[in-house]
Amino acid sequence: MATASACSTHNGELIFFVNGAQVVESKPDPLMPLVEFLRTKLHLTGTKVGCGEGGCGACTVMISRYNMNTDTVVHYSINSCLAPLAAMHGLAVTTVEGVGSTKTKVHPVQERIVKAHGTQCGFCTPGIVMSMYTLLRNEPLPSLEQLSTTFDGNLCRCTGYRPILDGYKTFTKEYCEMGGKCRKIKRRKPSYRPSICNQSIGDIEDLVPYDPADEPKFPLDLKVNHEKYHKTSLTFRTDHVTWFRPTTLDELLDLKSTFPQARLVNGNTEIAIEMRFKKMKYDVMIATTHIPDLKTLERNKSGITIGASITLSRLDTFLKQECGQMAEEETRVYSAVVDMLQWFGGKQVRNVAVVAGNIMTASPISDLNPIFLASGSVLDVVSRERGRRKIRMDNTFFKGYRRTEVKPDEILLSVTLPATHKNEYFSAFKQANRRDDDIAVANAAMKVVFHDDTNIIKDMALAFGGMAPVTVMATNTTEKLRGSTWDSDLVSTACSLLADDLPLTPDAPGGMVQFRKTLTLSFFFKFYLRVKSKLTITLGVEDNTAPTDESATQQFVANRKWKSSQVYEEVEVGQPITDAVGRPLVHKTAYQQATGEACFVDDITPVEGELFLSLVLSSKTHANIINMDASEALSIAGVVDFISVKDVPGQNVLHGIDEHIFATDKVTCQGQVVGAIVATSHTLAKKAAQIVRIDYEELESVVTIKDSIAKESFYKFSPVLQHGDVEEGFRQSDHVICGEVSTGAQEHFYMETQTALAVPREEGEMELFVSSQNPTEVQGVVAEALNIQANKITVRVKRLGGGFGGKETRPKLIACPTAIAAAKLMKRVRCTLEREEDMVSMGTRHPFLGKYKIGFTNQGKVMSLELDLYSNCGNSLDVSPGVMERALWHADNSYRVPNFVIRGYLCKTNRTSCTAFRGFGAPQAMFVAETWITDIAYFLNIVPEQVRQTNLYKNGDPMPFGMQCDKGNIQHCWEECLDTADLDTRRQQVKQFNRENRWKKKGISVTPVTYGIAFGLWELNQSGALVHIYRDGSVLIAHGGTEMGQGLHTKMIQVASRALKLPTTKIHISETNTTTVPNTSPSAASSCSDLNGMAIVEACEKLLSRLDPVIQANPDKTWEEWIRAAYEARISLSATGFYKVDNLHFDWKTSTGNPFSYLCFGAACTEVQIDCLTGDHEILQTDIVMDVGRSLNPALDIGQIEGAFMQGYGMMVLEHYKVSPDGTLLTRGPGTYKLPSFGNIPTRFNVSLLKGSSNKRAVYSSKAIGEPPLFLASSAFFAIVDAIKSAREDAGCSAPLRLNSPATAADIRMACTDRFTQQFPLPPEGSFKPWFTVL
Ligand SMILES: Cc1cc2nc3c(=O)[nH]c(=O)nc-3n(C[C@H](O)[C@H](O)[C@H](O)COP(=O)(O)OP(=O)(O)OC[C@H]3O[C@@H](n4cnc5c(N)ncnc54)[C@H](O)[C@@H]3O)c2cc1C
Ligand code: FES
Ligand code: FES
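The model shown is predicted, which means the values in this text are computed figures rather than measured ones.

Q: Go over helix 11 (residues 312-325), please, and point to the residues and values.
A: Residues spaced three or four apart along an α-helix face the same direction, because each turn holds 3.6 residues. The end-to-end C-alpha distance of helix 11, which contains 14 residues, comes to 20 Å, matching closely the 20 Å that a straight helix rising 1.5 Å per residue would cover. Looking only at helix 11, the buried set comprises L312, S313, L315, D316, F318, L319, E322 and C323.

Q: Just give me the short version of the sheet that holds strand 19 (residues 440-450), but keep the residues and values in it.
A: Taken in spatial order, the four strands line up as 18-19-20-21 in an open sheet, and their pairing is antiparallel. Across the chains shown, the open sheet's two edge strands, defined by having one partner strand only, are strand 18 (424-432) and strand 21 (472-473). Summarising the sheet, strand 18 and strand 19 pair through nine bridges and their orientation is antiparallel. Residue pairing across strands places A428 opposite A445, the latter belonging to strand 19. In this fold helix 18 (residues 513-539) packs onto strand 18, strand 19 and strand 20 (457-465), with an angle of close to 145° to the strand it touches most, strand 18.

Q: Describe the packing of helix 11 against helix 12 (residues 332-341), listing the residues and the values that go with them.
A: Geometry of a packed helix pair, given as the angle between the helix axes and the separation of the axes. Contact pair helix 11 / helix 12: the axes reach a minimum separation of 9 Å and the direction vectors enclose 140°. Here helix 11 lies oblique to helix 12, going by the angle between them. In this structure, helix 11 crosses over helix 12, and the sense of that crossing is left-handed. On helix 12, the residues touching L312, L315, D316, L319, K320 and C323 of helix 11 are Y334, S335, V337, V338 and L341. Taken together, the residues of the contact of helix 11 with helix 12 break down into eight nonpolar, one polar and two charged.

Q: Residues and numbers for the pairing of strand 4 (residues 72-79), please.
A: Look at any regular strand and the pattern is simple: side chains alternate between the two faces of the sheet. Pairing analysis gives eight bridges linking strand 3 (residues 60-67) to strand 4, with the strands arranged antiparallel. Across the sheet, the residue bridging to I63 is Y76, located in strand 4. Hairpin connection of strand 3 to strand 4: four residues between the antiparallel strands, including D71 at a positive phi of 50°.

Q: So what's going on with the packing of aromatic side chains? Which residues, and what values?
A: All told, the structure shown has 33 aromatic pairs when counted by the stated rule. Consider the rings of W486 and F527, whose centres lie 5.8 Å apart with planes at 90°: the pair is edge-to-face. In this pair, W486 is assigned in the loop between helix 16 (475-481) and helix 17 (488-501) and F527 in helix 18, connecting sequence segments 41 residues apart. Neither W486 nor F527 differs from the other in exposure class; each is buried. On the basis of an interplanar angle of 25° and a centroid distance of 6.5 Å, the ring pair of W889 and W1018 is categorised as stacked. Placement of the pair is W889 in helix 27 (residues 880-889) and W1018 in the loop between strand 38 (1000-1013) and strand 39 (1022-1029), with a sequence separation of 129 residues. When its relative accessible area of 3% is taken as the criterion, W889 is described as buried. When its relative accessible area of 30% is taken as the criterion, W1018 is described as partly exposed. By the ring-pair criterion, three or more aromatic residues cluster together here, those being F151, Y161, Y168, F171, Y210 and F1238. Above the plane of the ring of F1278 lies R948, whose end atom (NZ or CZ) is 5.7 Å from the centre.

Q: An account of the pattern of salt bridges is requested, with residue identities and associated values reported.
A: Under the defined criterion, the tally for this structure stands at 76 salt bridges. Salt-bridge contacts for D409 lead to R386; the nearest nitrogen and oxygen are separated by 3.1 Å. Here D409, found in the loop between strand 16 (403-404) and strand 17 (411-417), pairs with R386, found in the loop between strand 13 (378-383) and strand 14 (387-392); they are 23 residues apart in sequence, far enough to count as distant. Salt bridges sharing partners connect three or more residues here, namely R39, K48, D602, D603, E610, R828 and R830.

Q: So what about helix 30 (residues 969-981)? Which residues, and what values?
A: For helix 30, spanning 13 residues, the distance from its first C-alpha to its last is 18 Å, which sits close to the expected 18 Å at 1.5 Å a residue. Taken as a whole, helix 30 has its buried residues at N969, I970, Q971, C973, W974, E976, C977, L978 and A981. One or two residues past the end of helix 30 sits D982, with phi positive at roughly 55°.

The rules behind these values
Residues numbered from 1 in each chain as written. Chains lettered and ligands numbered in written order. Predicted model: local features only at pLDDT ≥ 70, side-chain atom pairs only at ≥ 80, totals over all residues. Heavy atoms only, no water. Helix = DSSP H or I, 4+ residues; strand = E, 2+ residues; numbered from the N terminus. Expected span 1.5 Å × (residues − 1). Buried < 20%, exposed > 50% of the residue type's maximum accessible area, 1.4 Å probe, protein only. Pairing = 2+ DSSP bridges. Contact = heavy atoms within 4.5 Å. Axes fitted to C-alpha atoms, helices over the stretch in contact; angles between N-to-C directions. Parallel < 35°, antiparallel > 145°, perpendicular 65-115°, else oblique. Left-handed = near helix turned anticlockwise from the far one by under 90°. Nonpolar A, V, L, I, M, F, W, Y, C, P; charged D, E, K, R; others polar. Phe/Tyr/Trp six-rings, centres within 6.5 Å; stacked < 30°, edge-to-face > 60°. Lys NZ or Arg CZ within 6 Å of the ring centre and 35° of its normal. Salt bridge = Lys/Arg side-chain N within 4 Å of Asp/Glu carboxyl O.

Pasting the structure below:
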């Protein structure tokens, strides 16, 4: 092997600019991700890491580069987790810190996301700010269309996206759909405020206008010395890699010839993934980004030639321009590329990824390769040994999995895409699980050429991705179809030929085999219709296509025009200005979040000597541990220790139950913590943890609920809830039907992964910074693990980057090993999980199976229910009993069921323990309820809303366990929702649409929610607060809740402002700390505001009563003067508050009691449109009415409703958590696990808070909000069911429809049974091993 010395024209210094300051690295690690450099070397921690694989956008930064040819500076957003440091030479990087700051000046892009309430936990916010900032730097007055595609590479798990878009809409040309008149809108009703046209963020005059002239100047050095930076070859060397950046083709050829195994690199979007997940190592890398010969982009007589190093964004812009200038008939391939690029990756990926990277990766699901194959594109390749040659991309091009006709020594120079002509038609198709930023399940490109002025096929090319280990061409089909006429007979012939041409075995990798096969036919049918309609116009041939078929050709588009409204009651006229309760204040630290100043645990600057811990996780589902050997890992320089059960000074069993800090002799799931490596850096610790050797003896495992039932693997807890006489109820019913339905696991995907920092102190004390919803639990288990008293453990929580229940009990799994290591080594130790580790080890929402028998009358009145609920709990009990109890209590959702028996079974399986997740079992059980409601409706052939309405609780109706359904607010929400959504009219419109369209169907559904508030563990229904007043009159509050994005601290300050009659500016909350308020309950069960708010009020009232004599003595003095006087009078200015919820009890023996403090209600109406041929869908409109009592802060409450709705939509429609039959998790990051994205929000999203509601049982008459609205997303699921029903009716299918949750594109497509799906019947269960299983 040659040594790396061929090209040494540079002194090895890496020079670039960050936020205007020059950075010079004399010995750069070329492959270090830019984000790591920014965070660890420059301590610019505003840029976050949410995934490390280009899938979430949290790490977005802006790159600016001088273009000498045009004398302009171009700006583009990138994922800094994928960008190698070496690629930064000569560029300017802007991070969120460089955009604006609370200490100097907040940038409009930061201000508007704040004022629009577009931040919650704030972890995604810097990335979103950077995407928007980059758009503005290129386009100071962007269009809505540009805005709509700007965020396709950014995810947010909290907000539901709507407020972010509304905030940023204000930068667009189209801002204010009403031509600026919106501010003159009259109020609909006194003190009732329609928040149309972004009124929620205040008047436009209040916003700082954006002025591009205020932007920092591009570094002069980079401009003046452009040639030096970009026309000089570079070499960076370290002991593990050499990075070359040649600037001429000759140089590149020499290098490639000297280092034949060298990896060429452009955007690094593929290579970074290979290195991260496949552990690929490259010792020589050659960047081809600076070679002019690879940058051709031109139209010529052969077509359009695209240089190998042309980025996808550049290609997109160029093709759009060219298409605008060419005759339509010539552009059909180019338009197909443009169409495809709108769904290719996220913007940050497209900004750096190049065409060559896509071709040469040769991925079987590449989006561009089918187009190149079907169009007969020609590659230009070159090597020193072989010279230059052209390769036509045809069915011989791909030689095998990730192998092509291009030889390893050859370099791809360009690809030429031919133009089409008059008689030639071309289309490309892609179907993914999610439209935005997702890899294809299957894709295709199709070309047909006709004999001149006829509809007789002269030539044809059909290329498919996702159907084999390579992109394939259906050559047999095309050969046989040559000479055929393009008419309706063609479709059936082509479909049977295609089915033979594209075989897939039932156990094919990737699964969804029937769906993928069906898609190929669906794509062809769409192509047939598109071409047919063109031929009708050009040739005037008779069009015998049914008008209803045309819907097959309509496409969903990326640039939708969303609208929204948020309606809430304003505070009463006369409410003192100092009283902040009920006002829509922005999140207390929103400005810090938007400027990147908000500090999360992993942002805390490491001190000298700090150590990093990486967990060693089980790779087996169920196995005995035979041997553990960390010697190789320990031999690496910088690796300090291997920590395992032998190092636990105290208890290894967590809380003395069934979970261990470190596995001892056995593992019972993949991802279980076996040990931990401690090293001097995170990267080193991670690397070493991966080579700790563990020998296992594998045991039989139980993975699914069905396995568990078959093997009777249950936990010993099986609650039963019963009422009335079930058998008698069935006898009184006109009909009795049975069914079963399941819901899948849902990954929390909080944007900040689990993280802990342990700091050992003197006297055995330990201070822990943990991203935990439950500091008291962490304190307790760490004390037990270290065998010390809890009074020596301090747990501090400033904020969490999202929790959703996933940080209620799970943080102890990393806090304990970290604390044990810190105590042993007497060093600060930090552990932050990688996304993959987090997903494999931290648990999910419980999958449920519901088996029901339901009796009802001819009018749809429910008489009796027998229901068995099974939950897949995983390998430990965790909170599963509580989850099942809540599921039982909510199994009626909002319906009166006079007789019932509901049994809960907890399945013990070899899966990572399931845990709390927003809704805590209730959404799963309510989902089963909505399924039997829908069954009844379809059985009786009436609309489901009629059955819902018939059975909906009326005011005062008894609930299953004796509580009364109070105040009739479920009826109010329901009626108001039907009214605002105009359900009757829209249902008629939906019917009309469905009559007119065969392949696009609309569906509409309204679902209610009734949700009980209280912890099921009664002792948790308590809280404490500590309020200090300092001598300057400022107030500091501590309470038991944690701030995880829900705006708890903001609301608590508002509560204190009313209690103390003080403006919020005088009140501060710093953090949650076990030393200020002890024995706190977890921030969960939606109870934080209720519990902590009451405790704060009590503390404030104590203080006010102490101050009262001082105030009475001098009523005209100021607050500050009273405080001064009180201090001088030696009055204590510090008080604690305590609150407990009374009257909570439940007797499982009699199924009676009062399990909830009160009930929350809501209703949502959602309309969807589905593509019956592909399973794709879009939410057209959602209207929500939610009862929040008297809102403490309507902006935050609406944020919770929208965020919960989108998270619920993820649970029920989009998020497919896949596990193989042997228990291996297949979805380990955003690349494979798809959260709802910006593109998934309802096109119209209207939220209103129920008028005139109040609630005696919570602080200032408010109601809880975190969990209840999540289930409203079931309206989207059942709207999809409604749409599918119409498709099945058209197909003459009367078989009952059974759709499990989540209803993925595959499920929707296959449920829309038709002649295409019928070609691929499902092989009998058990005859093959599926790729993934139903948990
Ligand atoms: C988050 C994310 C989303 C993605 N979404 C999609 C998607 O929707 N559709 C899709 O098809 N792909 C997708 N990809 C895959 C990837 O982005 C594309 O394949 C991209 O085109 C790769 O380009 P690159 O410049 O980053 O390649 P690199 O990673 O730099 O290189 C990829 C390969 O190409 C080789 N190569 C590069 N240039 C040359 C050359 N001139 N001659 C010979 N070999 C060369 C490299 O050696 C390497 O093997 C996604 C990737 C990520 C991380
Ligand atoms: S951290 Fe870079 S995209 Fe997620
Ligand atoms: S605010 Fe977006 S992830 Fe929390």
